[in-house]
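Each chain, letter by letter, is given below.
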Amino acid sequence: MSDIAFSIVLKETYRMKTDKIPVPGTVFENNLKERLMNSSLEDLERQRMVREQLECRGIRSRMVLDALAKVPRHLFVPADIRHLAYTDHALLTYCGQTISQPFIVAKMTEMLSLEPNHRVLEIGTGTGYQTAILAALAGEVYTMERIKELHDLARENLSPFHYSNIHYLYGNGYNGYPDAAPYHAIIVTAAPPSIPQSLIDQLAPGGQMVIPVGTDFQILYLVTKDADGLVHEIPVFSVVFVPMVK
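Residues numbered from 1 in each chain as written. Predicted model: local features only at pLDDT ≥ 70, side-chain atom pairs only at ≥ 80, totals over all residues. Heavy atoms only, no water.

K.L.:
Before we go on, may I ask you to explain the pairing of strand S3 (residues 119-123) in this structure?
P.N.:
Of all 5 residues that make up S3, 4 are buried, and the element is covered over most of its length. In this structure, S3 lies alongside strand S4 (residues 140-145), joined through 5 bridges in parallel fashion. Residue pairing across strands places Val120 opposite Val141, the latter belonging to S4. Crossover handedness for the path S3 to helix H6 (residues 129-137) to S4: right-handed. Where S3 meets strand S6 (residues 183-188), 4 bridges bridge the pair, whose relative direction is parallel. Paired with Ile123 across the bridge in S6 is Val188. (Buried < 20%, exposed > 50% of the residue type's maximum accessible area, 1.4 Å probe, protein only. Helix = DSSP H or I, 4+ residues; strand = E, 2+ residues; numbered from the N terminus. Pairing = 2+ DSSP bridges. Right-handed = clockwise from strand over helix to strand, strands pointing away.)

Have a look at this one:
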């Protein structure tokens, strides 16, 4: 990177983090330059992702936007495609699974209306990116993964962040996890042919579930349960997810 290009990156990255500008030529700037060389471009790409892919498409929750601005998505994708981490696409990860495009992650999360005291069930941990977003917003996250390699990988990926509110579950999540029910929110990252009744049963009154549904053609649904236990299934838009295995 040229000195001019780096100066721009340095000032913008540091400004976003501190609202200050480093003084050129100082020891502090030189040390900061070394620390930021490997992260500054990813930081800027992540901020650009939030502006151009999320805010411009109607994501309004400041907490959701902040979470996606902070969690380093590139650390949750295979090393050989990290340069694609902040593009507007779903990416193939491991074991035939995918990481959803940033907008889908943000939209599904926003639809859950999470609060700091909420208990969340996530079906399909994957590499742990969505889990990290949930853990930044909710009180407790129970995340279930049926593929052992991904279960172990997600724990490894999330370990450096020191989240104390994630419960890792290894197993098939088609029928949820009744031991910790009811949940204020449930998020499913694979598509069953129809909404499993067991997941509806584990949703707390006043709770929300976001789930893709379908086989050849999939629709993302927001499922709500009111205070009287009445369930509403609201179609949102078409999506493409890996199938949910029963």
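Next comes the rest of the description.
K.L.:
What should I look at first to understand the nonpolar core in this one?
P.N.:
Soluble globular proteins: nonpolar side chains tend toward being buried together. Leu54, Leu68, Leu114, Tyr129 and Ile133 are the most contacted members of the largest nonpolar core, which totals 44 residues. Elements supplying a minimum of two residues to this core: helix H3 (40-54), helix H4 (62-70), helix H5 (102-111), H6, S6 and strand S8 (218-225). Those residues within four positions of Leu114 in sequence are excluded, and the remaining contacts are Met63, Thr109, Val120, Leu134, Leu137, Ala138 and Ala185. Leu121, Leu169, Ala190 and Ile200 belong to the second-largest nonpolar core, a separate cluster that totals 21 residues. (Core = buried A, V, L, I, M, F, W, Y, C linked by side-chain atoms within 4.5 Å. Contact = heavy atoms within 4.5 Å.)

K.L.:
Looking at this model, I keep getting lost on H6. Mind explaining?
P.N.:
Since the α-helix packs 3.6 residues into each turn, any two residues three or four apart lie on the same face. Counting buried positions over the 9 residues of H6 gives 8, a clear majority of the element. Regarding H6, the residues found buried are Tyr129, Gln130, Thr131, Ala132, Ile133, Leu134, Ala135 and Leu137.

K.L.:
Got a minute to help me understand the packing of aromatic side chains in this structure?
P.N.:
By the definition in use, this model includes 6 aromatic pairs. Through a chain of ring-to-ring contacts, the aromatic side chains of Phe76, Tyr129, Phe161 and Tyr163 assemble into a single cluster. Geometry around Phe103 places Arg57 over its ring, the cationic atom sitting 5.4 Å from the centre. The ring of Tyr170 has Lys148 sitting right over it, with the charged end atom 5.9 Å from the ring centre. (Phe/Tyr/Trp six-rings, centres within 6.5 Å; stacked < 30°, edge-to-face > 60°. Lys NZ or Arg CZ within 6 Å of the ring centre and 35° of its normal.)

K.L.:
Please explain the packing of H3 against H4 as it appears in this structure.
P.N.:
In a pair of packed helices, the angle between the axes and the distance between the axes together describe the arrangement. Look at H3 against H4: their axes get within 8 Å of each other, and the N-to-C directions meet at 145°. As H3 packs across H4, the resulting crossing turns out to be right-handed. Along its contact with H3, which presents Arg46, Gln47, Met49, Val50 and Leu54, the element H4 presents Leu65, Leu68, Ala69 and Lys70. Classifying every residue of the contact of H3 with H4 by side-chain character gives 6 nonpolar, 1 polar and 2 charged. (Axes fitted to C-alpha atoms, helices over the stretch in contact; angles between N-to-C directions. Left-handed = near helix turned anticlockwise from the far one by under 90°. Nonpolar A, V, L, I, M, F, W, Y, C, P; charged D, E, K, R; others polar.)

K.L.:
Explain H3 here, please?
P.N.:
The first and last C-alpha atoms of H3 sit 20 Å apart over 15 residues, in line with the 21 Å expected at 1.5 Å per residue. Along H3, the positions that sit buried rather than exposed are Ser40, Asp43, Leu44, Arg46, Met49, Val50, Gln53 and Leu54. (Expected span 1.5 Å × (residues − 1).)

K.L.:
Would you take a moment to explain the pairing of strand S7 (residues 203-214) for this structure?
P.N.:
A regular strand carries its side chains on alternate faces of the sheet. Most of S7 sits out of view: 10 of its 12 residues are buried. Alignment of S6 against S7, held across 4 bridges, turns out to be parallel. Counted as the bridge partner of Ile186 is Met209 from S7. Bridge count for S7 against S8 is 7 bridges, and the pairing is antiparallel. In the strand pairing of S8, Gln208 is matched with Thr224.

K.L.:
What should I look at first to understand the side chain of Thr109 in this one?
P.N.:
For Thr109, the location among the structural elements is in helix H5. In this structure the side chain of Thr109 is engaged in a polar contact, spanning 2.9 Å, whose partner is the side chain of Gln130. (Polar contact = N/O pair within 3.5 Å; in protein donor to acceptor, adjacent residues only side chain to side chain.)

K.L.:
Quick question: what am I supposed to make of the sheet that holds S8 here?
P.N.:
Note on sheets: strands pair through backbone hydrogen bonds, and any given pair is parallel or antiparallel. Here 7 strands make up an open sheet; going across it, the order is S5-S4-S3-S6-S7-S8-S9 and the pairing mixed. The two strands at the open ends of the sheet, each matched to only one other strand, are strand S5 (166-170) and strand S9 (231-239). When the angles between neighbouring strand axes are averaged without regard to direction, this sheet yields 15°. This element, helix H7 (residues 148-158), spans S4 and S5 of the sheet and lies at about 160° to S5.

Geometric descriptors of this kind do not, in isolation, establish any biological role.
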